[in-house]
Structure formats: structure tokens, C-alpha cells
Amino acid sequence: MSEAKKTPFYEKHLALEGKIVDYSGWLLPVQYTKGLVEEVHDTRQRAALFDVSHMGEISVKGKDALNYLQKLVVNDVSRLKDKAIMYSPVCYSDGGVVDDILIYRLNADNYFLVVNAANTDKDFAWFKENLLGEVDLNNLSPEYAQIALQGPESEKILQQLTSEPLAAMKNYHFKADLDVAGVNCIVSRTGYTGEDGFEIYCLNEGASKLWDAVWEAGKKHQLNPAGLGARDVLRLEASMPLYGHELGKELTPLMAGLDRFVALEKEVPFNGQEALIKQKTEGLSKKLYGLEMLERGVPREGYSVKVGEKEIGWISSGSFSPTLDKFIAMAFLDPEAVGKHDEVQVAIRNRSYRARVTKLPFYRRKK
Amino acid sequence: MDYKIMDGLKYTKKHEWIRQEGNIGAVGLCDYAQDKLGEIVFVELPDIDAEVEAGKSAAVIESVKAVADLYSPLSGKVTEVNEELLDQPELINSDPYGEAWVYKLEIKDESELANLMDKAEYEKFIVEEEEK
């Protein structure tokens, strides 16, 4: 494997005493000095700044761009308007998941895709393999930096740096070519924490200036940095899937409960359509549920879930939840067994711990 | 980064400490290890009367992100466990050498103490670990 890459914010993380780890080939802070639990609270109560430059960016342009995307992804991109964003899984023909992505529509012939860091190269190869018509595909990932400003104070912080009225920007909408503190940015009202917030993209050259400006503007709002650890816990609390856990080659978006992002009836045939229709018709042998521990014990990925001696599934993500002060997990379970039992057991080392099956998400912010 | 290290304790390379009082030893996790793990949220204690072996896992300490074994510094029989940690595992973060002892054991073989480090040796060991 090649040497881990540094994002344009690497020096900022060192100055803030971030604990650096190698995540999917990127050197990023897993947490800063306050620790993961406080960083989660900061995000929910005020605001937190995340470096998410590891995310990949791919541009899709050309007169056949829409048609191409319609074939490539499972959601219905024809419903997407200019300056709006759509979440979509991307599937193989067997319904297994290549990646889950965000699609930013600049106009009918121009889209900006955001993909998972670990999948960027695989995605780009898959996108190329599926090319059709007049489409210009570009992997912009090496040129782009990205920060996520998340939490209820985010709008007030960012508004100081731009003349764009942010209150008018709705969820899953964006503005391109926006001047933020003198840096040309794409700003979207999106995030991976379950809070209000923004994701801001800029070319690497402007990254340091952007970070400093956001940091300065955040001071009177008690903005704090947050690392990958907090990000993972926040998305688990908000029950957002993470590729490699709730989604993967052997898992379909229907299993992960993402039905509303799967346009089975789409007019343009798409990769995975037949397999997903078949799965929807025949029913699922495993489906994603929430678990809440009834005894103290940390449910973690890979642990098996049982009813008595019978194994009924496995945990895909689990953690202590600082927001709920509970131990929670997402788990793929046999729906038939869940129908008969509200209470299940999680096998942790050589003991079974009682847990309750719950609806997802665990956490939803008050609007 | 400065880590707390106490006089009078013996240390392992896996960052456990033991405080000897007669033939009894109290065992816990070092400041260095709790800092690396982050916020501790769960502790699995050994059973009373369990026979633990030097260098073998005797308890499990879990932070939000990680699971870590606590390896017994010495061999012996467990005489007492710290049940406070079941409800307040975060004591390991706040007071690793005091309130957050994990278990006590009846020392089986005093000669095993020779395999452990004293404060000065452990200090040096940590510096080397940090340089890695």
C-alpha cells in the first residue's frame, strides 16, 4: 500500500493536538484533546468542524450525463433539480452495493458526485466501465479539500463569511462558485451527523484560508474541532449507513432499509434493478434494525445476535451513544425472528447480554 | 505529553500496574493506557477466586472506540474485584492509580516481580514507546 496521504489541513490537526490515524490511506484525526464524547456533545449542542477531505469527488458532464447516471445509480436522478442534491446507492447487477454517493446537480448536463474515500478508485473504475454516450468523467478528488461544519450554530458561523443568505438554503441544496472568506467554494446544506450543518468544498490552494476563516468566525460560538471517532458515533446515532458496515458487495440497499432511495420503477433500466425487484418481491432474509442494550455491554461490529441458542444475525455498527447515554447498535437480523421477539441477546466474548430491538433512527434532531 | 507514573508500583510493558501489600497485589491500568484508549465505558471484571496467570488476560477494558485486555502482571488467585467500575468505568480515566484499581490477587510466586519494571524503568519505556 502506498504511503498515507495528508489532507491540506494536516498541520491544523497537529496544532490542535489531534490524534492522527491512518484511515483508508489518509492521515486524519480520530479525536482531539477534548475526546470523542465531548466532541459529540459539541456537535449536537453548538458546532464542530470536521476535515472530510478524504471524501472523493467525481464530475460527470455532457449531454448524456443524466441518462448515464440513471443507468448507474438506483435513485431516480430525473427528479433532481438544479442546485439540489440526491443521495443514492450505486449497485452491481446482483443488487450488491458499489458505494453510496451524493449527486449534486449543477445543471442538466453537469453533476458533481461525492463518494466514499475508500471507494474512490474502485468507483471511478466502475463508472468508466459503465460509460455510455457523450459523457465526460473526471476524478477531481486529488484537487479538492472538504470541511464539514456541523451543529445548530453552523449557520451563524458560516453566515459571517458569505453574502449568500444561508437561511434560504434548504437541506440537500447547494450553491457552487460561492465566495466564502475570499475562497471559491461549493457549499451544501448536508452532513453525516444528524444535525443541521454545511459541507464546504474548495480547491486545495484555498483550503488553509477557508479553515482559518471558519475557525475565527466560530470562536464566539464555541466552535470545536471533531475527529473521525465522533463522526462515526454521530452518524450511528442518526442511523446513517456507512459503507463496509451497513452497505457492501454482499448487502443490498433494501436490506439496509434504504427503500426510499431505490427507484425500483424507474423507466431507465439501471444496474441492479432486476435483482432488487426480485428481492423486494421475495422478501428479505436479513434486514437492518436498531438494538439498544438492556444490560451494560458494548455491542460491536461482527458480534452475533441470538434468540436463545439460535443465531438471528450480526451487528454492523455499535457504540456507546453519548447523546442518549445508552449502548446502541445497528444489526442485520432475520425479520421473522424479530417479529416474534422484542428482546434478543448479543454475544460479547463468552457471555450473552440482553438487548431490545428498536426502530431507527436512534436520534432525530428537533426542528 | 506527560503521563502520570507513581512511585512504589511495578509496571508491565502492556501498561498495567500492581501495588503490592504483603502477599496481596492490587492491579490497574496505567495513565498512559487510559489516555491512549480514550473514554472508558465498560469494564469486565474477573471472577473472585479465579486463577489468573502473569501475562494472560484477566479483565477487559472498553473505550468508545476500542476493546483492550488487561493482562495480569502476576499469577495468583483473585481475592477482590472493584465493582465500582461496573457503574463508573470512567474512574479509570480520572484516577487510574487510585480509585480505579481493577482487582486484587493473592500473589502466587514473588519471583515473577523481577519481570516487572519500577518507576524509573517504566518512565524510560514510555519515552521509547512514544518515539516509535
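Anything mentioned here points back to the structure above.
Scoring rules and cut-offs
Every chain is numbered on its own, with residues counted from 1 as its sequence reads. Starting at A for chains and at 1 for ligands, labels are handed out in the order in which the entities are written. For this predicted model, a pLDDT threshold of at least 70 governs which residues receive local features, and a threshold of 80 or more governs which side-chain atom pairs are given and counted, while totals over whole chains, interfaces and linings are taken from all residues. Between N-to-C directions, angles cover 0 to 180 degrees, with each direction set by a line fitted to C-alpha atoms, over the stretch in contact for helices. Numbered from the N terminus, helices here are DSSP runs of H or I no shorter than four residues, and strands are runs of E no shorter than two. Roughly parallel here means an angle under 35 degrees, roughly antiparallel means over 145, roughly perpendicular means 65 to 115, and every remaining angle is called oblique. By convention the crossing between two helices is left-handed if the near helix lies anticlockwise of the far one by an angle smaller than a right angle, and right-handed if it lies clockwise. Throughout, a pair of residues is in contact if the C-beta atoms placed from their backbones lie within 7 Å. Under the grouping applied here, Gly and all other residues not named as nonpolar or charged are polar, the nonpolar ones being Ala, Val, Leu, Ile, Met, Phe, Trp, Tyr, Cys and Pro and the charged ones Asp, Glu, Lys and Arg. A pair of strands is labelled paired if DSSP reports no fewer than 2 bridges between them. Remark: C-beta atoms are placed from the backbone, and a residue is labelled buried if 20 or more other C-beta atoms sit within 10 Å of its own, exposed if 12 or fewer do, or partly exposed between those counts. The arc in question is formed by the directions pointing from the helix axis toward the C-beta atoms. One nonpolar core equals one set of buried Ala, Val, Leu, Ile, Met, Phe, Trp, Tyr and Cys residues connected by C-beta atoms within 7 Å.

1. Overview of the packing of helix H2 (residues 36-45) of chain A against helix H7 (residues 228-237) of chain A
Residue and element names in this part refer to chain A. As a packed pair, H2 and H7 sit with axes 9 Å apart at the nearest point and diverge in direction by 60°. The angle between H2 and H7 places the two elements in the oblique class. The hand of the H2/H7 crossing is right-handed. Of the residues in H7, those touching H2 at Leu-36, Glu-39, Val-40 and Thr-43 are Gly-229, Ala-230, Val-233 and Leu-234. For the contact of H2 with H7, the residue count by class is five nonpolar, two polar and one charged.

2. Concerning the interface of chain B and chain A
The parts lose accessible area when they come together, and the size of an interface is often stated as this lost area. On the side of chain A, twelve residues touch chain B, which itself brings nine residues to the contact. Sorting the residues of the side of chain B that touches chain A by element identifies strand E4 (40-44) and strand E6 (57-63) of chain B as the ones contributing at least two each. In the side of chain B that touches chain A, the residues fall into five nonpolar, one polar and three charged.

3. What to know about the sheet that holds strand E7 (residues 67-71) of chain B
Residue and element names in this part refer to chain B. With antiparallel pairing, three strands are arranged side by side in an open sheet as E4-E6-E7. If you trace the sheet from one side to the other, it starts and ends with E4 and E7, each paired once. Pairwise comparison of adjacent strand axes, ignoring direction, gives a mean angle of 25° for this sheet. Of the pairings in the sheet, the one linking E6 to E7 comprises five bridges and is antiparallel in character. Counterpart to Val-60 in the pairing with E7 is Asp-69.

4. Considerations on unusual backbone geometry
All names here are of chain A. Residues Leu-360 and Pro-361 are joined by a peptide bond in cis, for which omega reads 0°. Unlike most non-glycine residues, Lys-83 shows phi in positive territory, near 65°. By secondary structure assignment, the location of Lys-83 is in the loop between helix H3 (65-72) and strand E6 (85-91). Look at Ser-239: it is not a glycine, yet its phi comes out positive at around 55°. With respect to the helices and strands, the residue Ser-239 is situated in the loop between H7 and helix H8 (273-282). Ser-239 sits in the buried class, given 21 other C-beta atoms within 10 Å.

5. Some remarks on helix H4 (residues 120-129) of chain A
All names here are of chain A. Among the residues making up H4, those that are buried are Thr-120, Asp-123 and Phe-127. In a view along the axis of H4, the buried residues occupy a sector of 65°, so they form one face of it. Facing away from the buried side of H4 by more than 90 degrees, the exposed set consists of Ala-125, Lys-128 and Glu-129. For H4, the elements touching its buried residues are strand E5 (56-61), H3, strand E7 (97-107), strand E8 (110-115) and strand E9 (136-139).

6. Remarks on the nonpolar core
In terms of nonpolar packing, the biggest core is built from 131 residues, with Leu69(A), Ile103(A), Ile147(A), Leu149(A), Cys185(A), Ile200(A) and Leu210(A) touching the most fellow members. Setting aside chain neighbours within four positions, we find Ile147(A) in contact with Leu49(A), Phe50(A), Asp51(A), Val52(A), Ile200(A), Leu210(A), Trp211(A) and Val214(A).

7. What about the pairing of strand E16 (residues 304-307) of chain A?
Residue and element names in this part refer to chain A. Sheet topology places E16 next to strand E17 (residues 310-321); four bridges connect them, and they run antiparallel. Counted as the bridge partner of Val-307 is Lys-310 from E17. Taken together, E16 and the strand that follows it, E17, pair antiparallel across an intervening segment of two residues, in which Gly-308 is found at a positive phi of about 65°. With two bridges joining them, E16 and strand E19 (residues 343-348) adopt antiparallel strand pairing. Each residue of the ladder has a partner; that of Lys-306, found in E19, is Gln-345.

Keep in mind these values describe shape, not function.
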